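# Overview (structure and organization)
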Amino acid sequence: MTAAIRVMVVDDHPMWREGVSRDLTAAGYDVVATSGEGRQAVRIAAAARPDVVILDLQLPDVSGVEVINGLQTEVPGVRVLMLSASGEQQDVLDAMKAGATGYLLKSAAQAEFLDAVSRTAAGDTVFTPGLAGLVLGEFRRLATAPPADKSEPAPKLTERETEVLRLVAKGLSYRQIAERLVLSHRTVQNHVQNTLGKLQLHNRVELTRYAIEQGLD
Amino acid sequence: MADARNSGLEAPLWRAIAVYRIAALAYTSGLVIVYVSDYWHPVWAWPVLAVMAGWTVVTTYGYADPARRRTPLLVADQLVTMAVLTSSLYIVGADELALGTPTIAVAWHVAPVLCWAVARGRRAGITAALAMGATDLVVRAHWDQSAWTGTVLMLLAAIAVGYLMRIAQVAQERLERAVELEAATRERERLARDIHDSVLQVLALVKRRGAGLDGEAGELARLAGEQEAALRSLVAGRQTSEPVGDELDLMALLHPYAGPDVTVSGPAGAVRLPAHTARELRAAVGAALDNVTRHCGPGTKVYLFVEDEPDEVVVTVRDDGCGIATDRLAQAEAQGRLGVAQSIRGRVADLGGRVQIVSAPDQGTEVEMTVPRVPIS
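Okay, so let's go over this structure.

### Concerning the packing of aromatic side chains
- Counting across every chain of the model gives one aromatic pair over all chains.
- Taken together, a centroid distance of 4.7 Å and an interplanar angle of 10° make the contact between Trp14(B) and Tyr63(B) stacked. Taken together, the positions of Trp14(B) in helix H2 (residues 10–35) and Tyr63(B) in helix H3 (residues 45–64) put the pair 49 residues apart, joining distant regions of the chain. Across the pair, exposure class does not vary: Trp14(B) and Tyr63(B) are buried alike.
- Positioned above the aromatic ring of Trp16(A), the side-chain terminus of Lys106(A) is 4.6 Å from the ring centre.

The structure is reproduced here in structure tokens:
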């Protein structure tokens, strides 16, 4: 049997942190670290080397985006499943663009949560209908907004990707989407993952350009 | 009222009146020196000037203190000034005054009128100006244009200052209301943060821990989840939809529908539509939600999805509960019995849009409303 998946829980609420850790341990995960603060979490992660970080979007010290950036620098390839108690639209979108691989509302049922963790660990992208709506909205915004640089066009979704995201936003499960579009479950998953990949790539390009423009390179 | 008047513009106005009084005293002293040889009783001019100087000092300090800035001081001011004015009859002499020699209180006698206008508003200012003007005219006993002009100018000054005070008062009240509102908003935001950091987290935890349990524990978890969702939309929900020009944010209108069984998704930014279109769409969504409640079992999940296209807005209401056989829907619609037909199709058609209803046995019912974006000219 392979070694258990190493998970780190970052949440400023102690009760929540303990509850989640207990559930994860019971489900066979190795909870290697917990933290209630963003900066501390990044430091601990450098030593604990988790595979998956369960990250609360609202931490007392730094923003979710900063934590995600720090985690990716310290632990390249780490997967981040974001949790939030409220649907802070723009914050969620920013965190996903920064490199989180999944998002779940805190009120999700236990089974749903564990399923999301196992999918995140396996490298899948976990989308809620709300997140799909946000991502679609973001692509439409980028398509209509005047581009910062004409040589580099705004990222676009293929028709199929748009179709899949719309169905996710309407609350269909990947299985239902696969049935409806006559695709394999894996293909649906890949389409969702691609949309996020395009958004994250675009975000990195934008950040790099900004850095060059500001003379920070 | 007194409180509102003790702040803002009032203090500088009192200082300005004090400066005016001192300047007028210097001016009238100069006139006395020039004309004193023509006076009937010139000896008395000096003690009266001393009284005027003393009264200038008294009023400068008196009016500077809000506690003493009351009716007794105002009345005393008016009477002392009128007495000084009247003393001109004896000192300057009625014949000299009739010839055009200025009174001993010229210009200085306007100060109490301004005080009334600042302290008690326009009407009191006018009354004081009429009394002082009458005294001036009677004392001088000649009725040419320059005599009238002095009184009319005093009257106009009283009206202008009184009006200014009223505007300052209204502005002050508005400012106070705005400050109160801002404080209330900040308090609400602080409460929202607190609730978010504590109650919301615990409720979500209770719901999660108990979700798999049967019986009463499961029921408690479900209730906790309902409360969590209700609180969440209360706390984190977008601000109420404020009309911008003639437009409303559709997302803000639809967000109140979010709950434990209703997910609302759409772009992060506002989806602006003409106010009428937005309200009608909300009503259509409400009808679609009612329809789900009526026809499907409790606990049916509903997904509201808003798409903001350049030339149209698409709102989808999908439930994962009971798929209605398409022919049954059409049949009921043909008979005009279905709420869906009238409420949704009717409203959306009135907006120049179209409705598509997709229903499959395993995949619930999907009501897709597409409404054209009317270009804002």
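### As for helix H6 (residues 129–144) of chain A
- In a regular helix each residue adds 1.5 Å, so 16 residues correspond to 22 Å; H6(A) covers 23 Å between its end C-alpha atoms and thus fits that length.
- Taken across its 16 residues, H6(A) has 13 buried, putting it largely inside the fold.

### A few points about the packing of helix H7 (residues 159–169) of chain A against helix H9 (residues 185–213) of chain A
Residues and elements named next belong to chain A.
- Closest axis-to-axis distance for the H7/H9 pair is 9 Å, and the angle between their directions is 100°. When the axis of H7 is compared with that of H9, the two are roughly perpendicular. Across the interface between the two elements, Arg-160, Glu-161, Val-164, Leu-165 and Val-168 from H7 touch Val-188, His-191, Val-192, Asn-194, Thr-195 and Lys-198 from H9.
- Per-class residue counts for the contact of H7 with H9 are five nonpolar, three polar and three charged.

### Concerning the environment of Leu223(B)
- As for its position among the elements, Leu223(B) is in helix H9 (residues 215–236).
- For the pair Leu223(B) and Val206(B), spaced 17 residues apart in the sequence, the C-alpha separation amounts to 9.5 Å.

### Thoughts on the interface of chain A and chain B
- Of the residues lining the interface, 41 residues belong to chain A; the matching set on chain B comes to 35 residues.
- Interface area, chain A with chain B, both sides summed: about 3,200 Å², of which 50% is carbon and sulfur.
- In terms of surface lost to chain B, no three residues of chain A exceed Ser107(A), Arg140(A) and Lys170(A), which account for 19% of the buried area on that side.
- If you look at where chain A meets chain B, you find seven salt bridges.
- Of the charged contacts, one joins Glu309(B) and Arg140(A) as a salt bridge, the two residues approaching to 3.2 Å between their closest N and O atoms.
- At the surface where chain A touches chain B, the tally comes to 10 residue pairs in polar contact (both at pLDDT 80 or more).
- Element by element, the count of residues in the side of chain A that touches chain B is highest for H6(A), at eight residues.
- Of the residues in the side of chain A that touches chain B, the class split is 14 nonpolar, 15 polar and 12 charged.

### A few points about the nonpolar core
- Core analysis: the largest hydrophobic core is formed by 51 residues, its most contacted members being Met82(A), Met96(A), Phe127(A) and Ile177(A).
- When residues in this core are grouped by element, the largest group, seven residues, is from H6(A).
- When we break this core down by domain, the ones giving at least three residues each are domain 1 (6–126) and domain 2 (131–213) of chain A.
- Residues within four places of Phe127(A) in sequence aside, it is in contact with Met96(A), Tyr103(A), Ala132(A), Val135(A), Leu165(A), Val168(A), Tyr174(A), Val192(A), Thr195(A) and Leu196(A).
- Listed in part, the 41 residues of the second largest apolar core include Val32(B), Leu73(B), Val113(B) and Met165(B).

### Describing the pattern of salt bridges
- Throughout the structure, instances matching the rule amount to 25 salt bridges over all chains.
- One salt bridge in this structure joins Lys106(A) and Asp11(A), with 2.7 Å as the shortest N-O distance. Of the two residues, Lys106(A) is situated in the loop between strand S5 (102–105) and helix H5 (110–121) and Asp11(A) in the loop between strand S1 (6–10) and helix H1 (14–26); the sequence distance between them amounts to 95 residues. No difference in accessibility class separates Lys106(A) from Asp11(A), as the two residues are buried.
- For Arg222(B), the salt bridge is made with Glu219(B), and the minimal N-O distance between the two is 3.0 Å. Placement of the pair is Arg222(B) and Glu219(B) together in helix H9, with a separation of three residues, close to one helical turn.

### What about the sheet that holds S5(A)?
Residue and element names in this part refer to chain A.
- Spatial strand order, S2-S1-S3-S4-S5: five strands in an open sheet with parallel pairing. Strand pairing shows two members of the sheet lacking a second neighbour, strand S2 (30–35) and S5, which therefore form its edges. Geometrically, the sheet is characterised by an average inter-axis angle of 20° between neighbouring strands, direction not taken into account.
- With five bridges joining them, S1 and S2 adopt parallel strand pairing. By the bridge assignment, Met-8 is partnered in S2 with Ala-33.

Definitions and cut-offs
Residues numbered from 1 in each chain as written. Chains lettered and ligands numbered in written order. Predicted model: local features only at pLDDT ≥ 70, side-chain atom pairs only at ≥ 80, totals over all residues. Heavy atoms only, no water. Phe/Tyr/Trp six-rings, centres within 6.5 Å; stacked < 30°, edge-to-face > 60°. Helix = DSSP H or I, 4+ residues; strand = E, 2+ residues; numbered from the N terminus. Buried < 20%, exposed > 50% of the residue type's maximum accessible area, 1.4 Å probe, protein only. Lys NZ or Arg CZ within 6 Å of the ring centre and 35° of its normal. Expected span 1.5 Å × (residues − 1). Axes fitted to C-alpha atoms, helices over the stretch in contact; angles between N-to-C directions. Parallel < 35°, antiparallel > 145°, perpendicular 65-115°, else oblique. Contact = heavy atoms within 4.5 Å. Nonpolar A, V, L, I, M, F, W, Y, C, P; charged D, E, K, R; others polar. Buried area = accessible area lost by both parts, 1.4 Å probe. Salt bridge = Lys/Arg side-chain N within 4 Å of Asp/Glu carboxyl O. Polar contact = N/O pair within 3.5 Å; in protein donor to acceptor, adjacent residues only side chain to side chain. Core = buried A, V, L, I, M, F, W, Y, C linked by side-chain atoms within 4.5 Å. Domains from an automatic or database assignment. Pairing = 2+ DSSP bridges.

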